[in-house]
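# What the coordinates show
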Amino acid sequence: MYLEIAMFAYFVVLFLTLRDVRIFKRTGYLSYRKGAMKGLAASSLILIGAVAVEAKPDLGLLFVLIGLFINRKGIRERVFTSAGTLDRFLGKTDYVKRR
């Protein structure tokens, strides 16, 4: 059961990281780049925790929890103007012209 919890957390963080990368590519806002970098660090730590769960579940889940705290995102710019629920979930935004 602990391995399933750790892997679920890993895939959620990985999904949110890929969503941040997509939004950053479309808009160029640096807060989403920073969020994607945090997500990469957090997903690495969570993956280490998922591996450690097999040997010592308490220590592995502690790594997962620390990784989830690292993944916290800060204040973001408003990027969804007319997107529906599915578009927001997938990170589909309008392209922003760069100067």
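Because the structure is predicted, anything quoted here is derived from the model rather than measured.

## Topic: the environment of Tyr2
Along the chain, the position of Tyr2 falls in helix α1 (residues 2-27). When its relative accessible area of 42% is taken as the criterion, Tyr2 is described as partly exposed. Taking the C-alpha atoms as reference points, Tyr2 and Ala36, separated by 34 residues in sequence, lie 26 Å from one another. When near neighbours in sequence (up to four residues on either side) are disregarded, Tyr2 contacts Val53, Pro57 and Leu61.

## Some points on the pattern of salt bridges
Inspection of the entire model under this criterion finds two salt bridges. Asp20 serves as the salt-bridge partner of Arg76, at 3.3 Å between the closest nitrogen and oxygen. Here Arg76 is found in the loop between α3 (57-70) and α4 (85-90), whereas its partner Asp20 is found in helix α1, with 56 residues between them in sequence. Residue class for Asp20 comes out buried when judged on its relative accessible area of 3%. Look at the salt bridges and you will find they share partners, linking Asp20, Lys73 and Arg76 into a network.

## Brief notes about the packing of α1 against helix α2 (residues 30-55)
Any two packed helices are characterised by how steeply their axes cross, that is the angle between the axes, and by the distance between the axes. Interaxial distance between α1 and α2 falls to 8 Å at its minimum, and their mutual angle equals 165°. One element, α1, and the other, α2, form an angle in the roughly antiparallel class. Pair α1 / α2 crosses with left-handed handedness. Of the residues assigned to the contact of α1 with α2, the class counts are 20 nonpolar, four polar and three charged.

## Here's the deal with the nonpolar core
Generally speaking, nonpolar side chains in soluble globular proteins are found buried as a group. In this structure, Ala6, Ala9, Tyr10, Val13, Ala42, Ile46, Ala50, Val53 and Val64 together form the largest nonpolar core, which totals nine residues. Elements with a contribution of two residues or more to this core: α1 and α2. Among all residues touching Val64, those that are not within four sequence positions of it are Ala6, Ala9, Ile46, Gly49 and Ala50.

What counts as what
Residues numbered from 1 in each chain as written. Predicted model: local features only at pLDDT ≥ 70, side-chain atom pairs only at ≥ 80, totals over all residues. Heavy atoms only, no water. Helix = DSSP H or I, 4+ residues; strand = E, 2+ residues; numbered from the N terminus. Buried < 20%, exposed > 50% of the residue type's maximum accessible area, 1.4 Å probe, protein only. Contact = heavy atoms within 4.5 Å. Salt bridge = Lys/Arg side-chain N within 4 Å of Asp/Glu carboxyl O. Axes fitted to C-alpha atoms, helices over the stretch in contact; angles between N-to-C directions. Parallel < 35°, antiparallel > 145°, perpendicular 65-115°, else oblique. Left-handed = near helix turned anticlockwise from the far one by under 90°. Nonpolar A, V, L, I, M, F, W, Y, C, P; charged D, E, K, R; others polar. Core = buried A, V, L, I, M, F, W, Y, C linked by side-chain atoms within 4.5 Å.

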